[in-house]
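Structural description and commentary
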Amino acid sequence: MSPPKAPWPVLVAGTITRDDVRTPAGFNRDGLGGSATYFTLAARLFAPVSVVATAGPDFMPTFTAAMVGTGADLQSVSLAAVPTYRWRAEHDYGTGTTRAETSEQGAYLAFEPKLTTEQRASPIVFLGSMEPRHQLRVLEQLDQPKLVAGDTMTLYIREQPALLEQVLQRLDYLFLNAAEALALARVQTIELASSELRRRFRLRGLIIKEGPRGATLYRERGDIHLPAFPVDPPVDPTGAGDAVAGGFLGCLAERRREDDGSLRLALAYAMALASFAIQHFSVEGLRKLTRADVETRMNAMAWTAPTAP
């Protein structure tokens, strides 16, 4: 019997942020966050991850300390001369909304993502939520990846539609929440949004993140919905969407295929990683997480069981 093949490497380009977050569970100041951070801590449990991001001298030590033991390639994490991207928000579990959201781009105002030769050849790529101009710069440097996935936010849908359109035209998978999908498609229902977005952007899959209701993968060969793993009480939903992407793409990288079974398993792992992310403020739910922890939770989920890659 031939030995199992090594997982495909995964490249993530996204943000490193310094977060002030208030939820019904309390207030957390100066928490480590950002799409690149949460994604890496989730995906590294399945495959080697390479990171493209930037942070200022005020918070780079915090980020690098969190990456110790992950095996992540940080060659393309650049040190900026200005402070780290700052993000502030309040999460309301009752309404499922985020309010009082403000940000200071800081290091990302002059960010120029530069990929190494090895990173250019990455087979699986995730473009975390950040300005479309940064996402485009990464896309321009890639050398025929097998799968490119991305995320965005309502701000860019509303204020930078032309640049965002160029990004979305080059994606295979898109991760959005319901509000973002409706805003992007300009329709009234998720079903119409799914059809419109997959047609307009030729997506192989659209993953709608539904918070406590789980997530749905919309695709041509039939939709896949899985409920969320119940966490009571949730502490901080920040970064849960990036953990979803990390679990989903990490699983596909480990299995090196995209068949029906692998996609369903990937969505199951996505739900598991999201459940760990929301149990603590900032990245603490993912920082010391092991694969054994994840498999234990997968076994506790009645709707799926892990299978060997």
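Above this text sits the structure in question.
Below or above, wherever it landed, is the structure these notes cover. Since the structure is predicted, the reported quantities are computational estimates derived from the model, not experimental observations. (Residues numbered from 1 in each chain as written. Predicted model: local features only at pLDDT ≥ 70, side-chain atom pairs only at ≥ 80, totals over all residues. Heavy atoms only, no water.)

**Here we look at the overall build of the chain**
Regarding its fold elements, the chain presents twelve helices and 13 strands. Expected size for 309 residues packed as a compact globule is a radius of gyration near 19 Å; at 18 Å, the chain falls within 12% of this value. Counting only C-alpha atoms and orienting by the principal axes, one finds that the chain spans roughly 50 × 45 × 40 Å. Looking at the chain as a whole, 56% of its 309 residues qualify as buried. Put simply, the chain shows about 13,400 Å² of open surface, and 53% of that area lies on carbon and sulfur atoms. Computed over 33 positive and 34 negative side-chain charges, the inter-centroid distance for the chain is 3 Å. (Helix = DSSP H or I, 4+ residues; strand = E, 2+ residues; numbered from the N terminus. Rg over C-alpha atoms; globule rule 2.2 N^0.38 Å. Buried < 20%, exposed > 50% of the residue type's maximum accessible area, 1.4 Å probe, protein only. Areas by Shrake-Rupley, 256 points an atom, 1.4 Å probe, with all protein chains shown as cover. Lys, Arg positive; Asp, Glu negative; His and termini not counted. Charge placed at Lys NZ, Arg CZ, Asp CG, Glu CD.)

**Re unusual backbone geometry**
Pro 233 follows Asp 232 through a cis peptide bond whose omega is 0°. Looking at the element boundaries, Pro 233 is found in the loop between strand S13 (224-226) and helix H9 (240-255). We note that Ser 282 has phi near 55°; this positive angle belongs to a residue other than glycine. Within the secondary structure, Ser 282 sits in the loop between helix H10 (260-277) and helix H11 (284-287). When its relative accessible area of 8% is taken as the criterion, Ser 282 is described as buried.

**Focus: the pairing of strand S1 (residues 10-13)**
On S1, burial covers both faces: Val 10 and Val 12 on one face and Leu 11 and Ala 13 on the other are all buried. Relative to strand S4 (residues 49-55), S1 runs parallel, the two being bridged by four bridges. Each bridged residue has a counterpart across the sheet, and for Ala 13 the counterpart in S4 is Val 52. The pairing of S1 with strand S8 (residues 124-127) spans four bridges and is parallel. Counted as the bridge partner of Ala 13 is Leu 127 from S8. (Pairing = 2+ DSSP bridges.)

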